[in-house]
Structure formats: C-alpha cells, structure tokens
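Survey of secondary and tertiary structure
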Amino acid sequence: MTPSTTAGSAPAPAPGAARTAGAPDAASNAAPAPPLASRAASVGSSPVREILALTERPEVISFAGGLPAPELFDAEGIRAAYDQVLTEEPRRALQYSTTEGDPALRAAVAARLGARGLPTSPDDLLVTTGSQQGLTLLATALLEPGDTVLVEDPTYLAALQCFGFAGARVVPVRSDENGLDPAALADAVVRERPKLLYTVPTFQNPTGRTLPAARRQAVAAVAARHGLWIAEDDPYGELRYEGERVPHLASLEAAADRTVLLGSFSKVMAPGLRLGWLRAPAALRRACVVAKQSFDLHCSTVDQAATARYLADADLDAHLERLCVAYRLRRDALLDGLPAALPEGSEWNRPEGGMFVWARLPAGHDATELLRAAVARDVAYVPGAPFFAGPPDPGALRLSFTTHTPEEIAEGLRRLAGVFEAR
Ligand code: PMP
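Residues numbered from 1 in each chain as written. Predicted model: local features only at pLDDT ≥ 70, side-chain atom pairs only at ≥ 80, totals over all residues. Heavy atoms only, no water.

Below, the discussion takes up the sheet that holds strand β12 (residues 356-360). The antiparallel open sheet is built from four strands, whose spatial order is β11-β12-β15-β14. Edge strands, defined here as strands with exactly one partner in the open sheet, are β11 (347-348) and β14 (382-383). Bridge count between β14 and strand β15 (residues 396-400): two bridges; the pairing is antiparallel. Its bridge partner being in β15, V382 is matched across the sheet by R398. (Pairing = 2+ DSSP bridges. Helix = DSSP H or I, 4+ residues; strand = E, 2+ residues; numbered from the N terminus.)

So this is what it looks like as structure tokens:
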C-alpha cells in the first residue's frame with residue numbers, strides 16, 4: 001500500500017486489470033468482465049512489504065512486526081474458558097447471536113472502562129472484529145467520498161488504508177514528540193473543514209508517543225468548538241510500564257459527545273481472537289451496528305462467550321502485569337543497546353509503554369534503502385516513510401521490542417550496528 005495525502009483518489013486501473021477480474025481470452029469473443037472498483041485497484045503491494053516477507057526466516061531477529069509475544073499468551077486460561085462455554089452452554093455458544101455483541105462481554109468491558117475513569121454502560125458498546133473493524137465501521141457510518149480526515153503524522157498504516165477505501169481525503173496534522181500539536185490542529189480544522197480526527201493518543205503506532213493530558217484538553221476543545229468527530233484508537237493503553245495513566249479523550253467533558261473510543265483484546269489477550277469493541281454516542285453507534293450487520297452479522301458467538309468467561313474466571317489484570325514486566329525488560333534492552341547500534345547523531349524516544357520505539361537516523365541515511373542490508377544480516381525493522389501521510393522522513397524507523405528476549409534484542413542490535421559500520 002502506498003499511503004498518500006489523497007489516499008482515496010485512485011490512480012487509473014493498472015493495465016490488464018479487467019483481465020485479472022476474470023475475462024476469458026479474446027479469441028472466445030466474450031466481452032471482458034468489468035474492471036475492479038477504482039478503490040480496489042489503487043491498493044497495491046509495497047516494496048517494503050516484499051522485503052519484510054523475507055524476515056519470516058527463523059534466523060531473523062525482527063524489530064519489524066507489531067505482534068504480541070506468543071509465549072506470553074495465557075493459552076491455558078483461554079483453553080479453559082473455551083472448554084467451559086462449550087461444556088456448559090454449547091447451544092448458545094454455537095448459535096447465531098446479536099450484532100451488538102455478547103452481553104456478558106460488553107458488561108465486562110464496561111466495568112473495566114468504568115474502573116479507568118470512563119463510566120460506560122454495556123449498551124454504549126458494540127463488539128467488533130478487532131479494533132480494525134471498528135475503524136471500518138466508523139468510516140462506513142461517517143464518511144462520504146471526498147470527506148476530509150485529519151491524522152497524526154506519522155500514523156497507523158492500516159487506518160490510512162481504511163480511510164482510503166472510504167474515498168476520504170487524508171490530511172496530516174503537524175505532530176511532535178508529544179503527539180498532535182493542538183495549534184496545528186486548530187489551523188487544520190479551519191482550513192480543511194474535516195469531519196473526523198483519527199488519533200492514537202497513547203503509545204501510538206508507529207511512534208510510541210503519548211499525548212499529554214493538557215494537549216488532550218486542547219484537542220477536545222478544538223473538536224467541540226468546530227464540530228469534529230474524534231476517533232480515539234487505543235489498543236496499547238493498558239501496556240504501561242511506568243508513569244501515570246493519562247485520561248481518555250472520551251472522558252473529557254468537551255469531547256464526550258463526539259468521541260468514538262476503539263479498544264481491542266489483541267494486545268492484552270491474543271490477536272487471534274479478533275475481538276475488539278467500539279464505544280460511541282448512540283446515533284453513531286446505531287449506524288455502526290447496521291453497518292456491521294451487513295458486513296458479518298456479528299462476531300463469533302463462541303469466541304465472545306469464551307472471552308467473557310475468561311474475563312470472569314481468570315485475572316486479566318494479573319496477566320497484564322506479567323506482560324508489562326516482560327515487555328518493560330525488552331523495551332529497556334532495546335533502549336540500552338541503541339546508542340551502540342545506531343550511527344552517531346541518531347535520535348530516538350523512550351515510550352512509557354506500548355510496543356514501539358521511534359528512531360531517526362542522521363541526515364544522509366535512508367532507512368528504506370538500508371533495510372535490504374539489514375535483512376541480509378538477519379535483522380529487520382520497519383522504515384518510517386510509509387507511515388507518513390505528509391512528506392516522509394527518510395531517516396525514520398520503527399522498532400518493535402515485544403517479540404524477542406532481551407538477549408535476542410541485544411544480538412539483533414549488534415547485527416544492526418554492522419549494517420551502519422559497513423556503509
Ligand atoms: N489500531 C492500531 C493503532 C493498531 O496498531 C492496530 C494493530 N496493530 C489496530 C488498530 C488493529 O488491531 P486489532 O484489529 O487487532 O484490534
């Protein structure tokens with residue numbers, strides 16, 4: 001995928017697009033099948049994706065993926081939850097169910113949010129196929145082709161893709177080491193007349209940045225003053241290793257009636273469950289429910305029931321605590337090794353949680369060009385360039401620290417140092 005500031009305006013369909021849509025050969029005299037929709041034709045594979053495909057070799061130490069550590073999944077607890085629902089209530093667990101989602105699951109999520117300063121009723125929630133579906137539902141319910149969406153710069157790639165499919169015009173807002181710049185947001189709102197601001201305010205993907213509380217107030221005030229929806233995407237907020245929790249945008253009075261909070265079980269339990277949730281004001285939530293009905297009727301009944309059972313019987317907070325202890329050590333191993341690994345003049349941040357460190361190589365270094373040499377040395381990262389909706393920073397890269405032990409991280413960084421020494 002190649003994100004751009006006008007992610008929705010598709011280039012002309014690729015030559016041969018009609019043929020790939022299934023036309024028989026010309027000799028049969030049959031008319032070709034019509035081409036793909038322009039939005040589908042505009043989504044191609046990126047060269048970075050092809051290089052990263054090489055990192056699946058087991059010898060590669062990869063800082064590229066955004067995956068949770070598989071050895072830390074509570075497989076035993078999740079197995080017990082599935083066993084119980086399939087033993088005790090198989091007829092319900094295997095049946096069709098409501099679009100809004102399992103009542104016990106929604107009640108458990110509502111209770112967790114309430115305990116974190118965001119009073120929530122189960123009826124405020126819609127269970128989604130990961131927070132990724134929450135984004136798609138929101139785009140379907142809110143965006144007309146040509147509508148403008150403001151994003152942090154850089155931002156989450158698959159959100160750019162989602163808004164691109166909706167035909168939206170994506171406009172980046174200046175962001176710094178503390179995330180969105182509220183003054184730049186206010187300017188952009190007046191200039192661009194956007195409908196939606198998409199933000200990952202806590203431990204952002206790709207930068208690991210967290211928007212401070214005062215900036216959250218300022219963002220909420222801008223949204224209220226100018227009539228703007230906010231999508232607050234929060235898959236990483238529970239992975240905090242130090243520092244104080246910052247209130248959700250959705251909990252701020254100014255923005256409470258216009259903020260959609262997207263949450264996920266992917267990073268706290270397991271992404272293979274494909275379960276997340278959306279908390280939205282009533283009218284928008286109802287539109288999302290209707291959209292979801294047309295997409296997939298509802299999330300898997302048995303997966304929801306097992307997850308609800310897990311939340312009732314297991315101790316998710318204790319599990320989270322174990323995750324945070326392990327991830328903190330991995331983050332520290334990465335931060336400790338970076339000074340010796342990256343060339344002099346490089347900069348990086350020190351996120352208090354999440355999965356990512358964002359680094360910038362000094363002028364003259366191109367992270368995309370260097371990736372091939374890194375992969376040849378069995379180490380990988382993601383170049384930062386594709387995450388920018390505006391002009392990319394060629395020296396930027398994202399390093400994920402979750403899937404390797406501290407020892408492997410140290411070895412990966414030694415390999416990375418070799419890439420720069422060999423230049
Ligand atoms: N939003 C952000 C910012 C993400 O980083 C991700 C996953 N990497 C998602 C949404 C989607 O996650 P899921 O669908 O698994 O909940």
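Structure's up, so let's keep going.
Once that is clear, we can look at the site of the ligand. With respect to spatial proximity, 14 residues lie near the ligand, and among them S131, D233, Y236, S264 and S266 are the closest. A distance of 3.0 Å separates an oxygen atom of the ligand from a polar backbone atom of Q132. Contact distances for the ligand include 2.5 Å between an oxygen atom and a side-chain N or O atom of Y236. In the complex, the protein chains occlude 91% of the 400 Å² of accessible area that the ligand would expose alone. A per-element tally of the shell around the ligand places helix α7 (residues 130-142) first, with three residues. A per-class count over the shell around the ligand returns five nonpolar, six polar and three charged. (Near = heavy atom within 4 Å. Polar contact = N/O pair within 3.5 Å; in protein donor to acceptor, adjacent residues only side chain to side chain. Areas by Shrake-Rupley, 256 points an atom, 1.4 Å probe, with all protein chains shown as cover. Nonpolar A, V, L, I, M, F, W, Y, C, P; charged D, E, K, R; others polar.)

Take the packing of aromatic side chains next. Any two aromatic rings considered together are summarised by their centre-to-centre distance and by the angle between their planes. With the rule as written, the count across this model stands at six aromatic pairs. Pairing F163 with Y198 gives two aromatic rings, centres 5.6 Å apart and planes at 70 degrees, and the pair type is edge-to-face. Taken as a pair, F163 in helix α8 (residues 157-165) and Y198 in strand β7 (residues 196-199) lie far apart in primary sequence, 35 residues in all. An identical accessibility class is assigned to F163 and Y198; each is buried. Taken together, the ring pairs connect Y241, Y327 and F401 into an aromatic cluster. (Phe/Tyr/Trp six-rings, centres within 6.5 Å; stacked < 30°, edge-to-face > 60°. Buried < 20%, exposed > 50% of the residue type's maximum accessible area, 1.4 Å probe, protein only.)

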